[in-house]
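# Structural characterization, general
This is what each chain is made of:
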Amino acid sequence: MSTTLITGIAELVTCDDEREGELGIVHDAAVVVDGEQIRWVGAAAQAPDADELRDLGGRAVLPGFVDSHTHLVFAGDRSAEFTARMTGEPYDGGGIAVSMAATRGASDEELRSLIGARLEQMRAQGTTSWEIKSGYGLNVEHEARSLRIAKEFTDETTFLGAHVVPPEAREDRAAYVDLVAGEMLEACAPHAKWIDVFCEPNSTYAFTGEESRRVLEAGAAKGLGLRVHGNQLGPGPGVQLAVELGAASVDHCTFLSDADVEALAGSDTVATVLPGVEFSTRMPYPRARDLIDAGATVALASDCNPGTCYSNSIPFVIALAVREMHLTPAEAVWAATRGAAKSLQRSDIGVVRVGSRADLAVLDAPSYLHLAYRPGVPIASAL
């Protein structure tokens, strides 16, 4: 396979902790790529020969963004729900049933086309790796179908049958939890790497701490890794449950107690914050600054979904993290690359070093600082 020397890099953000500084930046840099793998990283003046040459003309290069929390398998339109929220209607999770009905009614080809278009948008904004959840099928047939289709686009697939209790099951919640932890899990596990649950006692549609524990423990017994939607709508048990069970990530973290922050700081569970949701729901932003100061590992992701954040732009998320959650630009970039990769327990993405995947993002700018400095301007793309 031929090698390519990528040069003309004014600033290379590596996120390699073996290099100096928070982001391991190399100035006047070059990278040698061999197929899907990085073979050499360093100063352009010391670069080895390669079969092909690509000169970026003084642009900045980063690890491709890692979007570790998405809900891309859906059909339908919930723009009216967003408009209602902007005039004061609170979000409680009930609108998920609208997406469920539309997703169940879509064909396989329609869902593939919708996912493909969303991923094309993401790559155009610098995202090169992504997780995809189910959660809009909410019965055995359609949850398994959603995951089977999602797996065509990524290995990072997450079974989220415990997104909400669907309308037809609300008279017998216990039976639905049994279904998710039993027959539905059996059908979905072959297509999933992870299991997730919307642990949210503040919503009548989502799941209590004990219901969430039942689902997560059943998934772990099937060999699935654990993820949790926790503490989104109010204080709750999600964070503590995620830490207790050793979940890879607990996502949202909008309402955290000091004990929650302390628990995350003392664990290997990544706190994944999703500020696009707070932007779209007018909820308070998570305590990401406190989490970082306490020593917790923080990731940033889009939570692209039809109800609470129909945006798949990681540059937008980075700008929100800096403006609204008081992260430094360097912290936000690290959280959207290396931090998000850690939430997926991956060491081959979110970093630029020898042996990692050749997933790179290039900016039409000389420095990563422009991501937060120029919000809404399409300067990032996958290389």
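Residues numbered from 1 in each chain as written. Predicted model: local features only at pLDDT ≥ 70, side-chain atom pairs only at ≥ 80, totals over all residues. Heavy atoms only, no water.

## Overview of the overall build of the protein
Looking only at helices and strands, the protein features 13 helices and 15 strands. At 20 Å, the protein has a C-alpha radius of gyration in line with the 21 Å of a compact globule built from 383 residues. Relative to its 383 residues, the protein shows a buried fraction of 57%. When contacts within the protein are restricted to residue pairs at least 6 apart in sequence, long-range pairs at least 24 apart make up 71% of them. Of the roughly 14,600 Å² of accessible surface on the protein, 49% is carried by carbon and sulfur atoms. Put simply, the protein has 31 plus and 54 minus side-chain charges, and the middle of one group is 2 Å from the middle of the other. (Helix = DSSP H or I, 4+ residues; strand = E, 2+ residues; numbered from the N terminus. Rg over C-alpha atoms; globule rule 2.2 N^0.38 Å. Buried < 20%, exposed > 50% of the residue type's maximum accessible area, 1.4 Å probe, protein only. Contact = heavy atoms within 4.5 Å. Areas by Shrake-Rupley, 256 points an atom, 1.4 Å probe, with all protein chains shown as cover. Lys, Arg positive; Asp, Glu negative; His and termini not counted. Charge placed at Lys NZ, Arg CZ, Asp CG, Glu CD.)

## Comments concerning the environment of Ile 132
Here Ile 132 shows up in strand E7 (residues 132–133). The spacing of Ile 132 and Thr 154 is 22 residues in sequence and 7.4 Å in space, taken between C-alpha atoms. What Ile 132 contacts, discounting residues up to four positions off in sequence, is Thr 70, Leu 72, Val 73, Ile 115, Ala 150, Phe 153, Thr 154, Glu 156, Thr 157 and Thr 158.

## Section: the nonpolar core
Ranked by size, the top nonpolar core spans 75 residues in total, and within it Phe 159, Leu 300 and Ile 318 carry the most contacts. At seven residues, the largest contribution of residues to this core is made by helix H5 (residues 173–188). Setting aside residues up to four positions removed in sequence, Phe 159 forms contacts with Ser 134, Glu 143, Leu 147, Val 180, Met 184, Leu 185, Cys 188, Ala 192, Trp 194, Ile 195 and Asp 196. Of all hydrophobic cores here, the second largest spans 15 residues; its members include Val 26, Val 31, Ala 358 and Leu 360. (Core = buried A, V, L, I, M, F, W, Y, C linked by side-chain atoms within 4.5 Å.)

## Observations regarding helix H4 (residues 140–150)
Structural remark: α-helix, 3.6 residues per turn; residues separated by three or four positions point the same way. Buried residues dominate H4, accounting for nine of its 11 residues. Those residues of H4 that fall on the buried side of the exposure criterion are Val 140, His 142, Glu 143, Ala 144, Arg 145, Ser 146, Leu 147, Ile 149 and Ala 150. In the core, the buried residues of H4 are packed alongside helix H2 (96–105), helix H3 (108–123), E7, strand E8 (157–162) and H5.

## Some words on the sheet that holds strand E3 (residues 37–43)
By definition, the strands of a sheet pair up through backbone hydrogen bonds, in either a parallel or an antiparallel sense. Spatial strand order, E3-E2-E1-E4-E14-E15: six strands in an open sheet with mixed pairing. In this open sheet, the two strands that pair with only one neighbour each are E3 and strand E15 (380–382). With strand direction ignored, the average angle separating the axes of adjacent strands in the sheet is 40 degrees. (Pairing = 2+ DSSP bridges. Axes fitted to C-alpha atoms, helices over the stretch in contact; angles between N-to-C directions.)

## Re the packing of aromatic side chains
For the structure on display, the rule yields four aromatic pairs. With a centroid separation of 6.2 Å and 70 degrees between ring planes, the pair formed by Phe 74 and Tyr 136 is classed as edge-to-face. Here the residue Phe 74 occupies a position in the loop between strand E5 (65–67) and helix H1 (79–86), and Tyr 136 occupies one in the loop between E7 and H4, the gap between them amounting to 62 residues. Through a chain of ring-to-ring contacts, three or more aromatic side chains come together here, namely Phe 74, Tyr 136 and Tyr 310. Taking NZ or CZ as reference, Arg 173 lies 5.9 Å from the ring centre of Phe 207, over its face. (Phe/Tyr/Trp six-rings, centres within 6.5 Å; stacked < 30°, edge-to-face > 60°. Lys NZ or Arg CZ within 6 Å of the ring centre and 35° of its normal.)

## Here we look at the packing of H4 against H5
Packing of H4 against H5 brings their axes to within 9 Å, and their N-to-C directions diverge by 45 degrees. Judged by the angle between their axes, H4 and H5 are oblique. Judged by the twist between their axes, the crossing of H4 over H5 is right-handed. Across the interface between the two elements, Val 140, Glu 143, Ala 144 and Leu 147 of H4 pack against Leu 179, Glu 183, Met 184, Ala 187 and Cys 188 of H5. Partitioned by chemical class, the residues of the contact of H4 with H5 number seven nonpolar, no polar and two charged. (Parallel < 35°, antiparallel > 145°, perpendicular 65-115°, else oblique. Left-handed = near helix turned anticlockwise from the far one by under 90°. Nonpolar A, V, L, I, M, F, W, Y, C, P; charged D, E, K, R; others polar.)

## Quick look at the environment of Glu 141
Counting through the fold element by element, Glu 141 comes out in helix H4. On a C-alpha basis, the gap between Glu 141 and Val 26 in space is 50 Å, while along the polypeptide they are 115 residues apart.

## Overview of the packing of H5 against helix H6 (residues 209–221)
Running from amino to carboxyl end, H5 crosses H6 at an angle of 10 degrees, the nearest separation of the two axes being 9 Å. On the basis of the axis angle, H5 is roughly parallel to H6. Of the residues in H6, those in contact with Arg 173, Val 177, Asp 178, Val 180, Ala 181 and Leu 185 of H5 are Glu 211, Arg 214, Val 215, Ala 218 and Gly 219. When the residues that make up the contact of H5 with H6 are grouped by side-chain class, the tally is six nonpolar, one polar and four charged.

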